[in-house]
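# Notes for the structure review
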Amino acid sequence: MIAINVVNKGHHPLPQYATPQSAGMDLRANIDEPIVLHPMERKLIPTGLHIALPEGFEAQVRPRSGLALKYGLTVLNAPGTIDADYRGEIGVVLINLSDKDFVVNDGERIAQLVISRYEQAELQLVKILDETERGEGGYGHTGVK
């Protein structure tokens, strides 16, 4: 368990894990009035939260499966990455992929926040790569079984 400093400029409690083994915490819309998302429309939904992640960590904003299945609502840039040096408000870019309007209400759970450790890489320029069994086989290269 790591400690993360949070400034809550919203009017909802801090996100929490729903169960002892949950990977993500629900983010809530922090809005003054309902926001209507028309079919194929996207909007940035504020949460009121600002975080300070330790170096070597990121926060990922991911869709909630229930909203995706029931209403066709998802996070457009999923997963959205919050870098350790970002101090602005966490916003969620929601898109309505359904054929019906969706109303986002204040306090609605709109996404999940997952904290993850990462490593930075140093890219090395080479002339050729090592050979593998797969080689350059790309999308669908293994066929359908």
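The structure this text deals with has already been given above.
Calculation notes
Note on numbering: residues in each chain are counted from 1, in written sequence order. Confidence filtering applies because this is a predicted model: local features only for residues at pLDDT of at least 70, side-chain atom pairs given and counted only at 80 or more, and all residues used for totals across whole chains, interfaces and linings. Calculated side-chain values reflect all of the structure's heavy atoms, with hydrogen atoms and water omitted. One side-chain nitrogen of Lys or Arg within 4 Å of one carboxyl oxygen of Asp or Glu is enough to make a salt bridge. Under the scheme used here, helices are H or I runs from DSSP no shorter than 4 residues and strands are E runs no shorter than 2 residues, and both carry numbers assigned from the N terminus. Each residue is placed in one exposure class: buried if its accessible area under a 1.4 Å probe, protein chains only, is under 20% of its type's maximum, exposed if it is over 50%, and partly exposed if it falls in between. We call two strands paired when DSSP finds no fewer than two bridges between them. The axes used here are C-alpha line fits, helices contributing only the stretch in contact, and every angle between their N-to-C directions lies in the interval 0 to 180 degrees.

### Focus: the pattern of salt bridges
Following the criterion strictly, the structure yields 3 salt bridges and no others. The shortest N-O distance in the salt bridge between Arg64 and Asp26 comes to 3.3 Å. Taken together, the positions of Arg64 in the loop between strand 6 (57–62) and helix 1 (65–71) and Asp26 in strand 2 (residues 25–28) put the pair 38 residues apart, joining distant regions of the chain. Each of the two residues, Arg64 as well as Asp26, counts as buried. Taking the shortest distance from any N to any O, the salt bridge between Glu41 and Lys43 comes out at 3.8 Å. Judged by relative accessible area, which is 23%, Glu41 ranks as partly exposed. When its relative accessible area of 30% is taken as the criterion, Lys43 is described as partly exposed. Connected through salt bridges with shared partners, the residues Asp26, Arg64 and Arg109 form a single ionic network.

### Description of the sheet that holds strand 6
Read across the sheet, 4 strands follow the order 2-11-6-8 without closing on themselves; strand pairing throughout is antiparallel. Of all the strands in the sheet, just strand 2 and strand 8 (80–82) have a single pairing partner and so form its edges. The sheet shows a mean angle of 35 degrees between the axes of neighbouring strands, taken without regard to direction. Pairing of strand 6 with strand 11 (residues 109–117), which is carried by 6 bridges, proceeds in the antiparallel orientation. Counterpart to Phe57 in the pairing with strand 11 is Arg117.

### A word on unusual backbone geometry
Note on backbone geometry: most residues besides glycine have negative phi, and most peptide bonds are trans. The amide bond that connects Ala78 to the next residue, Pro79, takes the cis arrangement and shows omega of -15 degrees. Turning to its location among the elements, Pro79 is positioned in the loop between strand 7 (73–75) and strand 8. Of note in this structure, Met40 is not a glycine but carries a positive phi near 65 degrees. Of note, Met40 is situated in the loop between strand 3 (35–37) and strand 4 (42–46). Residue Met40 is classed as exposed on the basis of its relative accessible area of 54%.

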